[in-house]
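Each chain, letter by letter, is given below.
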Number of protein chains: 2
Amino acid sequence: MTATQAFIAACAEILGAPHVLTHAHDTEPFLVDWRKRYRGNACAVLLPADTAQVAAVVRLACQHRVAIVPQGGNTGLAGGATPDASGAQAVISLKRLNRVRGVDPHNNTITVEAGVVLAEVQARAEEAQRLFPLSLAAEGSCTIGGNLATNAGGTGVLRYGNTRELCLGLEVVTPQGEIWDGLRGLRKDNTGYDLRDLFIGAEGTLGIITAAVMKLHPAPVAKVTALAGLASPHAALDFLSLAQHHAGALLTGFELMSDFSMRLVGKHFPQLRYPFGEPHAQTVLLELSDSESAEHARALFERLMEEALDKGIVEDAVVAENLAQSQAFWGLREHIPLAQAEEGLNIKHDIAVPISSIGRFIEETDAIIARTVPGVRMVTFGHLGDGNLHYNVQAPEGIDVQRFLGEFQTSINALVYDQVHRHRGSISAEHGIGQLKVDEAMHYKSPVEVRLMQTIKAALDPDNLMNPGKVVRWNATLAKENLA
Amino acid sequence: MTATQAFIAACAEILGAPHVLTHAHDTEPFLVDWRKRYRGNACAVLLPADTAQVAAVVRLACQHRVAIVPQGGNTGLAGGATPDASGAQAVISLKRLNRVRGVDPHNNTITVEAGVVLAEVQARAEEAQRLFPLSLAAEGSCTIGGNLATNAGGTGVLRYGNTRELCLGLEVVTPQGEIWDGLRGLRKDNTGYDLRDLFIGAEGTLGIITAAVMKLHPAPVAKVTALAGLASPHAALDFLSLAQHHAGALLTGFELMSDFSMRLVGKHFPQLRYPFGEPHAQTVLLELSDSESAEHARALFERLMEEALDKGIVEDAVVAENLAQSQAFWGLREHIPLAQAEEGLNIKHDIAVPISSIGRFIEETDAIIARTVPGVRMVTFGHLGDGNLHYNVQAPEGIDVQRFLGEFQTSINALVYDQVHRHRGSISAEHGIGQLKVDEAMHYKSPVEVRLMQTIKAALDPDNLMNPGKVVRWNATLAKENLA
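Please read these numbers as outputs of a predicted model, since none were measured by experiment.

Cut-offs and rules
- Residues numbered from 1 in each chain as written.
- Chains lettered and ligands numbered in written order.
- Predicted model: local features only at pLDDT ≥ 70, side-chain atom pairs only at ≥ 80, totals over all residues.
- Heavy atoms only, no water.
- Axes fitted to C-alpha atoms, helices over the stretch in contact; angles between N-to-C directions.
- Helix = DSSP H or I, 4+ residues; strand = E, 2+ residues; numbered from the N terminus.
- Parallel < 35°, antiparallel > 145°, perpendicular 65-115°, else oblique.
- Contact = heavy atoms within 4.5 Å.
- Nonpolar A, V, L, I, M, F, W, Y, C, P; charged D, E, K, R; others polar.
- Pairing = 2+ DSSP bridges.
- Patch = residues over 30% accessible without salt bridge, like charges linked within 9 Å, V, L, I, M, F, W, Y side chains within 5 Å.
- Areas by Shrake-Rupley, 256 points an atom, 1.4 Å probe, with all protein chains shown as cover.
- Salt bridge = Lys/Arg side-chain N within 4 Å of Asp/Glu carboxyl O.
- Lys, Arg positive; Asp, Glu negative; His and termini not counted.
- Charge placed at Lys NZ, Arg CZ, Asp CG, Glu CD.
- Buried < 20%, exposed > 50% of the residue type's maximum accessible area, 1.4 Å probe, protein only.
- UniProt positions renumbered as here; feature names shortened; annotations may be inferred.
- Least-squares fit on C-alpha atoms with pLDDT ≥ 70 in both.
- Expected span 1.5 Å × (residues − 1).

As a further point, take the packing of helix 9 (residues 259-268) of chain B against helix 11 (residues 323-343) of chain B. Residues and elements named next belong to chain B. Here helix 9 crosses helix 11 at 75°, and the two axes come no closer than 8 Å. Our classification of the angle between helix 9 and helix 11 gives roughly perpendicular. Contact with helix 9, carried on its side by Ser261, Met262, Leu264, Val265, Lys267 and His268, involves Leu332, His335, Ile336, Ala339, Gln340, Glu342 and Glu343 of helix 11 and no other residues of that element. Grouping the constituent residues of the contact of helix 9 with helix 11 by class yields six nonpolar, four polar and three charged.

Here it is as structure tokens:
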């Protein structure tokens, strides 16, 4: 019996044979990411039922030197949850850890296991008259464990922060198969190193998150949206400042959509009406979440829009008159990625720069790309209030897309990331590193930062068994120092 | 020439002799904490002028094996910035790193060096029509570097979070004397391990914070306070839920003050008027920060108080009619520690429990302490909205205070911390561990958590030269593994 076979047999003993998948037919859905960009192999897919079983399996993996790839809802965009091609790694799916352990309305917290689907967390919060503000396209199938492992962003970050800011405590299985019970529901705790935030965003390379205490917020009484047409990203920045001055923490959404983004939506989803007679170079979607009433929010919007029109910051504006219209405005924003997919393959970038640099970043980078590929079409949209742009490059009209990608993808990526780096930005604002951007991350980070990351990885996971190859390059020298 | 003498000579060459203090008369203010609870010795107090000088000094310390104690405004409450008694350690004061490197209103950030005094950060934000919400008693002399190193809390946490939540990026000198430039002003950046939050709250044991990018918020147009009298901590919890429902993110303060706290203020500061005719078991101070107007905030308060009175949650309530009255209400809260000092020495605890457990925690713990020391007087007050209590124990009236402390301090500490532990709370909510609570922290944390902390410490600072003895006990076995 090989070490791998012994590992699988021992896992079957602990989990029960039905929860150790080895047949291609059973393992298939766990070995390919949902966009089908990454395909891996695995010696087994393991489905533990609880934290103790996760810990037991990790101890077996240590003993038999089997590398482990944790997986949540398998909705990631960077291949972080897909094993490598060797067939030597084991996938641990957290799907069966799907219990809500408790809701504490007075503490404004919910304690959930890693495999609970995001939409269920939202629903359980709502039942308790609270808001769990994390919201993103995959919310019907992504899991809170995956959200934490990748520090997911989404549409509520402006007011409520990323997943990191929504987490108070974690339960984690360490690379040695021990259970760290850090499930504290405290707003303040200054008793040592911030282990919680080290595991959040580490994409399973330092341990496996098995449960978490998440923050809830008071549920707003009303959400109202508005749209504004503007002449430039610079005007959008002035508008953001003005909106924050008027609305403070009530402002929960501020999304930028370029003219071509809106044209694409109009072309592929003509039933979605762009509410302005004329096109605008930029359209901004605003959302207010109000504790008083929809009328209060609308009145606030009216005052804001009046001042913005007076000052020449916006060219036109419309405030949603009812819930249906609010949702219709969001519909324009949400259909951009779908319209883009209809239009054909493109080169995507999920980047962030300081908010104050967005105008210059777009101008400069648009110009460089236009020089490189004349006729290229920019689908620029995203969370302006967070400095986070989906800065996507669509082939010129009528050009063969595969040829376009083959010829330009590498150079356009390098060009965009160089620009991001120049503006002290991030090459992965909300999607993480996974296997997609390891090389780029190692390239753009300073040697000091790479070394700090590698030192932490080697110290916590000296055998490099936790999701190896993701996030950070393994540094064998540091590891040897540890193992000597 | 000894190694220490060689180190000092080399430092003088880099910093200039006037910035290397070795005479007792010059070093004295750096060797005693401001409450005069800790006194240490040092081979030298070093005053670098910039980050490069800090890095150079740390490289010298590595070379000569001199341990280093970083110090900001020296206002800490846990002895974290005071060297040990040996006289072998060197203090690095960050005072001369006191430049504001830039304010970026569109990005809502300010970039400051570690030695900038908190009040100056607030003032510079205000000049830019922004709010830097960190606020605490020592703000006139504490520095932002110290606030970050201890993850300071204060009165704005309910809405704006601790210092951790206000920081976007750091510049840090590592234990090897390298400079990590993590000065990113981004709301979203998912490109690897969260090094920033590892250094925040580590009290200088993993590196020296030399600069930071801090978040600014829109400045509110008006701040209005109100007071309410209630029958119990349980009622205060119901009131908090109701206030959050009404006010959402406008609620920026929710402070609990026990009856005896108010009596102490009345006794020692009779000019501060308690606005209710009758005493109440608990008094709550609320603050609204409004983007519209003071009138809007007052109207919101009136609606809240009406419903709270109707429902029998509060016994009496008063909304401040003007700024002077708002400040007078805060005055009652701020004079509690001063009144307590007037009354005589006492046993202090800075603890946090889940907000939902506060009522039970106070009831149970009050009862146990009353059984242990009949006639004891409880000065309980603090940031109820954060679950953070200053749970202080004053000697029974007429008892000799020194005898009381000698007889009961150890047992009362143990009793309170056991209770905190039982309620899954924190024995240091906002003051940190320093040298004051290392033993307690190691005792109450799980072996897994202690080991994780020690592993990180040994990996990043293998020679244990960064503020040794603070926050975490050194684990020689782990260190030997590293050095082997």
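With that out of the way, let us pick up the sheet that holds strand 9 (residues 179-182) of chain B. Across a sheet, strands are paired by hydrogen bonds formed along the backbone, either parallel or antiparallel in direction. Residues and elements named next belong to chain B. One open sheet accounts for five strands, arranged 5-6-10-8-9; its pairing is antiparallel. Each having just a single partner strand, strand 5 (100-104) and strand 9 make up the two edges of the open sheet. Strand after strand, the sheet turns through a mean of 10° between neighbouring axes, direction not considered. Inspection of the sheet shows strand 8 (residues 167-173) paired to strand 9 by four bridges, in the antiparallel sense. Across the sheet, residue Val172 finds its bridge partner in strand 9, namely Trp180. The strands that helix 3 (residues 51-64) touches are strand 5, strand 8, strand 9 and strand 10 (208-215); relative to strand 8, the one it contacts most, it runs at about 45°.

All names here are of chain A. Negative charge collects at one region of the surface, where Glu302, Glu306, Asp310 and Glu321 lie side by side. Topologically, Glu321 is positioned in the loop between strand 15 (316-319) and helix 11 (323-343). Judged by relative accessible area, which is 61%, Glu321 ranks as exposed.

Time to look at the UniProt feature "domain: FAD-binding PCMH-type" (unreviewed entry) in chain A. As recorded in UniProt, the sites labelled "domain: FAD-binding PCMH-type" (unreviewed entry) are residues 38-219 of chain A. Between the C-alpha atoms that bound residues 38-219 of chain A there is a distance of 39 Å. The span itself is 22% helix and 24% strand.

Right, let's talk about the relation of the copies chain B and chain A for a bit. Expressed as a screw transformation, the operator carrying chain B onto chain A has a rotation angle of 180° and an axial translation of 0.0 Å, and the superposed copies differ by an RMSD of 0.0 Å. In short, the pair behaves as if placed about a two-fold rotation axis. A shared interface surface links the copies, since 100% of the contact residues of chain B are contact residues in chain A too.

What follows deals with helix 10 (residues 294-310) of chain A. Spanning 17 residues, helix 10 of chain A covers 24 Å between terminal C-alpha atoms, matching the ideal 24 Å at 1.5 Å per step. Next to the buried residues of helix 10 of chain A lie strand 12 (222-230), helix 8 (233-247), strand 14 (282-290) and strand 15 of chain A together with helix 10 (294-310) of chain B. Once helix 10 of chain A ends, the next one or two residues include Gly312 of chain A, with phi positive near 75°.

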